[in-house]
Amino acid sequence: MSAKQGISSLFIVAAIYDGVLGGAFLFASGNLFDWFGVTPPNHQGYVQFSAALLIVFAAMFISIARDPIRNRSLIPYGIMLKLSYCGVVFFHWLTADIPNMWKPFCIADLVFLVLFAWAWTAIGREAADGK
């Protein structure tokens with residue numbers, strides 16, 4: 001498998017992950033909050049907006065997967081998404097604790113963050129080498 005194929009596969013997995021997560025929170029957040037024993041926010045709109053953003057990012061990840069070289073400029077937005085989520089969760093996890101519901105998503109996003117950074121630099125190296 002070439003680096004380009006690996007990068008495409010990475011972003012397909014990311015699209016599925018964020019798309020399913022976004023869909024789950026958009027359409028079944030109440031069940032998820034109940035299942036994890038987490039008190040939901042005072043208005044569903046907070047959750048629905050965040051869920052819809054995940055679906056938007058999933059669509060962007062599909063675009064990257066289709067042509068990672070041409071759409072390399074989109075990868076930093078994915079990095080910033082993962083950095084934002086990890087930053088918020090790790091901050092609260094370390095300073096005041098946070099419900100366990102959010103921790104596995106944070107670990108997964110940290111892995112995606114590292115892999116997205118690798119993908120961005122790998123594509124940049126390929127472009128610089130003229131491949």
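Everything numeric in this text was worked out from a predicted model, so none of it was measured.

Below, the discussion takes up the overall build of the protein chain. Within the protein chain, the secondary structure is distributed over four helices and zero strands. Reading the protein chain from its N terminus to its C terminus gives the helix and strand order α-α-α-α. Counting only C-alpha atoms and orienting by the principal axes, one finds that the protein chain spans roughly 55 × 30 × 20 Å. A buried classification covers 37% of the 131 residues belonging to the protein chain. Side-chain charges of the protein chain comprise 8 positive and 7 negative groups, with the mean position of each set lying 9 Å from the other.

With that settled, the discussion passes to the nonpolar core. Judged by nonpolar contacts, the single largest core of 31 residues is most densely connected at Phe11, Phe25, Phe61, Ile75, Met101 and Phe116. Taken together, the elements giving at least two residues each to this core come down to helix H1 (3–36), helix H2 (44–66), helix H3 (75–95) and helix H4 (103–129). Looking at this core element by element, the count peaks at ten residues for H1. Among all residues touching Phe11, those that are not within four sequence positions of it are Phe61, Ile64, Ala65, Ile75, Phe116 and Ala119.

A few words on the layout of surface pockets. Estimated volume of the largest pocket: approximately 580 Å³. Along the wall of the largest pocket there are 24 residues; nearest its centre are Ser50, Ala51, Leu54, Tyr85 and Trp102. Secondary structure elements with two or more residues in the lining of the largest pocket: H1, H2, H3 and H4. Counting residues per element, the lining of the largest pocket draws most heavily on H2, which supplies eight residues. In terms of residue class, the lining of the largest pocket is made up of 19 nonpolar, two polar and three charged.

Close contact between H2 and H3 brings their axes to 10 Å; oriented N to C, the two are set at 145 degrees. Note that H2 runs across H3; the crossing there is left-handed. Two secondary-structure elements touch here, H2 through Leu54, Phe57, Met60, Phe61 and Ile64 and H3 through Ile75, Tyr77, Gly78, Leu81 and Lys82. Its residues assigned to classes, the contact of H2 with H3 comprises eight nonpolar, one polar and one charged.

Thresholds, definitions, all that
Residues numbered from 1 in each chain as written. Predicted model: local features only at pLDDT ≥ 70, side-chain atom pairs only at ≥ 80, totals over all residues. Heavy atoms only, no water. Helix = DSSP H or I, 4+ residues; strand = E, 2+ residues; numbered from the N terminus. Buried < 20%, exposed > 50% of the residue type's maximum accessible area, 1.4 Å probe, protein only. Lys, Arg positive; Asp, Glu negative; His and termini not counted. Charge placed at Lys NZ, Arg CZ, Asp CG, Glu CD. Core = buried A, V, L, I, M, F, W, Y, C linked by side-chain atoms within 4.5 Å. Contact = heavy atoms within 4.5 Å. 1 Å grid on protein atoms, 1.4 Å probe; cavity = no way out; pocket = protein on both sides within 12 Å on 5 of 7 lines; lining within 4 Å. Points joined across faces, edges and corners; volume = space filled by probe spheres on them. Nonpolar A, V, L, I, M, F, W, Y, C, P; charged D, E, K, R; others polar. Axes fitted to C-alpha atoms, helices over the stretch in contact; angles between N-to-C directions. Left-handed = near helix turned anticlockwise from the far one by under 90°.

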